[in-house]
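# An overview of the molecular structure
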Number of protein chains: 2
Amino acid sequence: METNKKEVETSNERNQSSKQANRRKVPQLPYRNLDFPYAPTNLLSEEQLEEIHETSLEVLEQVGVAFLSKRALSVFKAAGADVDETTQRVRLDRNLVMESIKTAPSSFTMTARNPERNVLMGGTRLNISNATTPPFCSDLKGGRRVGTFEDYCKLLKLCQHLNVVHFLYGYPVEPQDLPVETRHLDAYLAYATLTDKVWRAYATSEDALRDGVEMARIARGIDMEQMRGEPSLLSNINTNSPLQYGGSMADGLITMAELGQPVVISVIEMAGATSPVTLAGTMAQQNAEALAGVALSQMVNPGTPVIYGSFTSNINMRSGSFVLGTPEFVQIGIMSGQFARRYGLPFKFNNSCTSNAIDAQAAYESQMSIWACMMGQPNFLAHGVGWLENGLTTSFEKMIVDCEMLQMASRVLEPIEINKETLAFDDIKDVGPGGHYLGSKLTMKRFKDAFYEPLLTSWENYVTWQKKGGVDLVTRAHDIVNQMLDEYEEPVLEPSRREELDAYVERRREEIQTSVG
Amino acid sequence: METNKKEVETSNERNQSSKQANRRKVPQLPYRNLDFPYAPTNLLSEEQLEEIHETSLEVLEQVGVAFLSKRALSVFKAAGADVDETTQRVRLDRNLVMESIKTAPSSFTMTARNPERNVLMGGTRLNISNATTPPFCSDLKGGRRVGTFEDYCKLLKLCQHLNVVHFLYGYPVEPQDLPVETRHLDAYLAYATLTDKVWRAYATSEDALRDGVEMARIARGIDMEQMRGEPSLLSNINTNSPLQYGGSMADGLITMAELGQPVVISVIEMAGATSPVTLAGTMAQQNAEALAGVALSQMVNPGTPVIYGSFTSNINMRSGSFVLGTPEFVQIGIMSGQFARRYGLPFKFNNSCTSNAIDAQAAYESQMSIWACMMGQPNFLAHGVGWLENGLTTSFEKMIVDCEMLQMASRVLEPIEINKETLAFDDIKDVGPGGHYLGSKLTMKRFKDAFYEPLLTSWENYVTWQKKGGVDLVTRAHDIVNQMLDEYEEPVLEPSRREELDAYVERRREEIQTSVG
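Analysis parameters
- Residues numbered from 1 in each chain as written.
- Chains lettered and ligands numbered in written order.
- Predicted model: local features only at pLDDT ≥ 70, side-chain atom pairs only at ≥ 80, totals over all residues.
- Heavy atoms only, no water.
- Least-squares fit on C-alpha atoms with pLDDT ≥ 70 in both.
- Contact = heavy atoms within 4.5 Å.
- Helix = DSSP H or I, 4+ residues; strand = E, 2+ residues; numbered from the N terminus.
- Buried < 20%, exposed > 50% of the residue type's maximum accessible area, 1.4 Å probe, protein only.
- Phe/Tyr/Trp six-rings, centres within 6.5 Å; stacked < 30°, edge-to-face > 60°.
- Lys NZ or Arg CZ within 6 Å of the ring centre and 35° of its normal.
- Pairing = 2+ DSSP bridges.
- Axes fitted to C-alpha atoms, helices over the stretch in contact; angles between N-to-C directions.
- Expected span 1.5 Å × (residues − 1).
- Polar contact = N/O pair within 3.5 Å; in protein donor to acceptor, adjacent residues only side chain to side chain.
- Buried area = accessible area lost by both parts, 1.4 Å probe.
- Salt bridge = Lys/Arg side-chain N within 4 Å of Asp/Glu carboxyl O.

## A few points about the relation of the copies chain A and chain B
- When chain A is fitted onto chain B, the two copies agree to an RMSD of 0.0 Å after a turn of 180° and an axial shift of 0.0 Å. Here the two chains are linked by the operation of a two-fold rotation axis. Identified as the residue of chain A closest to the rotation axis by C-alpha distance is Ala-360 of chain A, at 2.1 Å.
- Interface overlap between copies: 100% of the residues of chain A at the interface are likewise at the interface in chain B, consistent with a symmetric, same-surface contact.

## Digging into unusual backbone geometry
- Each neighbour pair has its own omega, and for Ser-241 of chain A with Pro-242 of chain A the value is 0°, a cis peptide bond.
- Structurally, the position occupied by Pro-242 of chain A is in the loop between strand E11 (233-238) and strand E12 (244-245).
- One non-glycine residue, His-383 of chain A, lies in the positive phi region at around 60°.
- Mapping His-383 of chain A onto the fold places it in strand E18 (residues 380-385).
- Backbone geometry places Ala-424 of chain B, a non-glycine residue, at a positive phi of 65°.
- Mapped onto the elements, Ala-424 of chain B comes out in the loop between helix H14 (420-423) and helix H15 (425-431).
- In this structure Ala-424 of chain B comes out as buried when scored by relative accessible area, which is 4%.

## Focus: the packing of aromatic side chains
- For the structure shown, the criterion picks out 40 aromatic pairs over all chains.
- Centre to centre, the rings of Tyr-191 of chain A and Trp-199 of chain A are 4.8 Å apart; their planes meet at 25°, and the pair counts as stacked.
- A residue is classified by how much of its surface remains accessible, and Trp-199 of chain A, at 5% relative accessible area, is buried.
- Members of the aromatic cluster, each reached through a chain of ring pairs, are Phe-149, Tyr-152, Tyr-171, Tyr-188, Tyr-191, Trp-199 and Tyr-202 of chain A.
- Above the plane of the ring of Tyr-31 of chain A lies Arg-117 of chain A, whose end atom (NZ or CZ) is 3.8 Å from the centre.
- Arg-144 of chain A extends its terminal NZ or CZ atom over the ring of Tyr-462 of chain B, reaching a point 4.0 Å from the ring centre.

## What to know about the sheet that holds strand E9 (residues 143-146) of chain B
Residues and elements named next belong to chain B.
- As summarised here, the arrangement of the four strands in space is E9-E8-E21-E20, forming an open sheet in which the pairing is mixed. Two strands lie at the open edges of the sheet, namely E9 and strand E20 (387-388), each paired on one side alone.
- Taken together, the three bridges between strand E8 (residues 136-139) and strand E21 (residues 393-395) define a ladder with parallel strand orientation. Paired with Cys-137 across the bridge in E21 is Thr-394.
- Contacting E8, E9, E20 and E21, helix H13 (residues 396-412) runs over the sheet at an angle of about 70° to E21.

## Details of helix H18 (residues 473-487) of chain A
All names here are of chain A.
- With 15 residues, H18 extends 21 Å between its outermost C-alpha atoms, agreeing within 8% with the 21 Å of an ideal straight helix rising 1.5 Å per residue.
- Burial analysis of H18 places 11 of its 15 residues in the buried class, which makes it a mostly covered element.
- Of the residues flanking the start of H18, the one acting as N-cap is Asp-472, its side-chain oxygen 3.0 Å from the backbone nitrogen of Val-474.

## Digging into the interface of chain A and chain B
- Taken residue by residue, the interface counts 105 residues in chain A and 105 residues in chain B.
- When the two sides are added together, the surface that chain A and chain B hide from each other amounts to roughly 9100 Å², 71% of it contributed by carbon and sulfur.
- Among the residues chain A hides against chain B, the three largest losses belong to Tyr-364, Phe-451 and Trp-459 of chain A. Together they make up 9% of the total.
- Where chain A touches chain B, the interface holds four salt bridges.
- Linking chain A with chain B are 32 residue pairs in polar contact (both at pLDDT 80 or more).
- At 10 residues, helix H12 (residues 360-376) of chain A tops the list of elements feeding residues into the side of chain A that touches chain B.

## Observations concerning the pattern of salt bridges
Residues and elements named next belong to chain A.
- Under the counting rule described, the total for this entry stands at 68 salt bridges over all chains.
- Of the charged contacts in the structure, one is a salt bridge between Arg-71 and Glu-206, with a shortest N-O distance of 3.4 Å. With Arg-71 in helix H3 (residues 70-79) and Glu-206 in helix H7 (residues 206-220), this residue pair connects regions lying 135 residues apart in the sequence.
- Arg-71 gets classed as partly exposed once you look at its relative accessible area, which sits at 29%.
- Exposure remark for Glu-206: the relative accessible area of 29% places this residue in the partly exposed category.
- As a salt-bridge pair, Arg-507 and Glu-511 come within 2.8 Å of each other at their nearest N and O atoms. Taken together, the positions of Arg-507 and Glu-511, both in helix H19 (residues 495-516) and four residues apart, correspond to about one turn of that helix.
- Among the charged side chains, a network of salt bridges with common partners joins Asp-207, Asp-211, Arg-507, Arg-508 and Glu-511.

This is the structure in structure tokens:
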């Protein structure tokens, strides 16, 4: 695995030299915390919300949820749930559910190794992460291809450099040229060295989860006790709808709760296939699945930070395929926000699209997702940058398109400044009817950051744009990717921590290789 | 002008034959009324709204608005305003403004010649119109070109055929091959014959306005008294910011008010150039300009239907050019809705973009506009379909992109159906953990219209899409345009009205040609 370390080092050297070039940087907005300054939209009345909530509780009581995990079944049994060991089905009394979830915090902080990248999850805060775990990646020059560790590292660097990305929610592409058993070790090492943001440990195996927590701990240079009280990374727990948690997911949830680290309960329903064809029924089932997972986390370790996540959408009724960025996806997202707020839980939603190309469709589907976010107000927008093809591909250029769209959305979140100066009565009086403001006092004072400056959008008129060659948007995005990779700076990591991380990875790699044989 | 009539007739014949072909129609949603089922978003607190409102009143009192129209100045003088004849500046006391605008109705109906296309303007209703008055049009095969009457008629047919277009707000392209003086006669005749929806008369000249009202009256087969009580078309009154109404616009407003027909006061500010560089100041000035126009309409004829319109955005601070679909445009749109609601007036906003191509930018900028609409809740979304290049071009293919985006938005507006059946407890119980809903009772009953079916969006996976040739979105849109033009049916118009319209046009054409010499 020498090549991996080398990749990191040479990239470092390349950055050092390119930084000396005196080019104007890509004008991205600074890294900053985003908060919703206005009330969320509610699609459901209070009564309708309660009707769905009641149905969820009936489902939990009468139908139950299957947990394909002995650990989970015994936790539920100990908590007083009705557990059928044969069918692995857990039926939960409504009082047990509602009492259990009470201890879940309404907000919590994930501590990054760079404290300026800490993530507050809850309240009005919005955090954005990258597209997660696609098998493929693509860029204009290299085309669509199976992800490699080289692609993975490049994408990580972009995620680190993009200020609109608050933290990393999983591999930006699956590095498929690395052996499966030890892949997580290299992937985590790159997380911990190429970025200083919060990242994710995978619950696909107990090893992957524990190694992740351990490596995040080492990167911060703290002990496990501190780590428990100051969580540093999170994991994603998918349900296997309808009404089922797979073994590794249920076990992962328990392990994370034991270690005091946050989990996202991400319910992925495909309405019409794995959940009812009606949105009301789909919400009732989603809510039942989510509440069962939240309850489990609190039964294991009361106070475990847990996020109410939805990745539910509908299927294409003509083909049966799952489709994203649809009107139903938007409605489900906004309603899911209402449920999360009803239970006092942080809420996760997603920026997704079905399109195969970086075309108008990719943009309008992603915008459907982003504006569902603007209205439904998740605390966590997953898959924020790079997503194409229902998540099969991370596109380098789509990262830039998403960055532009999210930066624009973030400007809409800026509170309108209302005071004597901004109301501008004096300027209006000075200029008067028929005048202009191009050189007015207030304009001269404030023009520099009065309005959003785009990074990808072309504001040239048609004739000028044509004269300059009519460069298309994807080509422009490609150039920005390259410039950003040049601008990337590897965040400083104390050498002792780096050595400890390297040693940990080498030790674990040998252990795993030995056990695999 | 024989060619124009011929164009209409031959197209009719073509449609008759193509209708016999047994092809599946483009799956657009049916024509229907749209209503916002949830509360609008407020970016400003009540106090902030009042601060801006107060500033607007101070501007009206102390700075005033210039009206380059003797008719307007005398109306204001008669109403008791402070009128300076030399500077043509009108200063309005706050009580005079607030008393005057009280008579403007909070909602009204525009009656189309087909009563099923009547337009209710006000309350929670959303009406969508076409892109208006660009000099150019473009399509994939014909490229970008100066608009002709042939293009104009084709675009009108599309507007008639597109169910997402509730009415026509102006020429979909300027038919520049027709003589300027009589152009409006041919354009209106096409409105009145190729479509049965409400349309617009231009306030560019007194002739154009009066001919429009007269021709809309004839097309409905009613007398002028009925026309006054049941308005049938509307006109757009632009301000010439800052704080100025041009002569033809002010006169047009007065004429429309005299004839009992609705006007849109559409304030077009370019923040940083024709309005303050701050959004607070820009809103204060927009509001002052709008209130002055609304007051004038009510002074002329109390009860005149008038719409509070905003077409305000920012300039690109690097070039000075006007830019649309920006974060500031979104914020201004949402705030403008708050002002319209404060004064109990219907509200107009716009679907706009700056992009030169039908690319991701065109889609994300238009989506910014559409979602500002979803949050700010205008009653009237102007330029709904076809807009490119800041409005310089109507694109045939962009019509389809916009139709898809607006149809998706309209599905988001559908109230969630919550009842025993949709909550689906029985279905959830029947299917149980680990099952699927593909053949369940509820799915079989409801699958047909459970989810939105797109017309342009490709939901094929990457490999299938590639195998089928990877047809790009613009080509797909082009094919849909052609199919829709084939599907178009000319709405029936009673022969006697058609004859009267033809005779009116011929008489007026001669009069105008004679007077021009």
